[in-house]
Amino acid sequence: MTNSIKVERAKNNYTQADLAEKVRVSQQTINSIELGKYVPSTLLALKIAKVFGTTVNEIFSLEDIDLE
């Protein structure tokens, strides 16, 4: 799975810590999601999308390997 969290953060001038505070997780969690090391829960993905005023599908997308 890929994501555009880093891009969305830049658009909104948020640090990882800022986003983490808004969705009530650690900065390390945001970092791990951005690096593709951690797949967020549905609830967390929805919270992140809400902070950016967009949909989960706009932020997260499946890669071909995820469909195998």
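Whatever comes next refers back to the structure up there.
The shown structure was predicted, so the numbers you read here are calculated from the model rather than taken from an experiment.

Analysis parameters
- Residues numbered from 1 in each chain as written.
- Predicted model: local features only at pLDDT ≥ 70, side-chain atom pairs only at ≥ 80, totals over all residues.
- Heavy atoms only, no water.
- Helix = DSSP H or I, 4+ residues; strand = E, 2+ residues; numbered from the N terminus.
- Rg over C-alpha atoms; globule rule 2.2 N^0.38 Å.
- Buried < 20%, exposed > 50% of the residue type's maximum accessible area, 1.4 Å probe, protein only.
- Contact = heavy atoms within 4.5 Å.
- Areas by Shrake-Rupley, 256 points an atom, 1.4 Å probe, with all protein chains shown as cover.
- Lys, Arg positive; Asp, Glu negative; His and termini not counted.
- Charge placed at Lys NZ, Arg CZ, Asp CG, Glu CD.

Chemist: Before we go on, may I ask you to explain the overall build of the protein chain in this structure?
Modeler: The secondary structure content of the protein chain amounts to five helices and two strands. Relative to a compact globule of 68 residues, whose C-alpha radius of gyration would be 11 Å, the protein chain shows 11 Å and is just as compact. Along the longest, intermediate and shortest principal axes, the C-alpha atoms of the protein chain span 35 × 20 × 20 Å. When the 68 residues of the protein chain are sorted by exposure, 28% land in the buried category. Taking all contacts inside the protein chain whose residues are at least 6 apart in sequence as the whole, residues at least 24 apart take part in 51%. Accessible area of the protein chain: about 4700 Å², with a carbon and sulfur share of 49%. Put simply, the protein chain has 8 plus and 9 minus side-chain charges, and the middle of one group is 11 Å from the middle of the other.

Chemist: Would you explain the environment of V39 in this entry?
Modeler: Here V39 is to be found in the loop between α3 (27-34) and α4 (42-52). Here the alpha-carbon distance between V39 and S4, two residues 35 residues apart in the chain, equals 13 Å.

Purely geometric numbers; function is a separate question.
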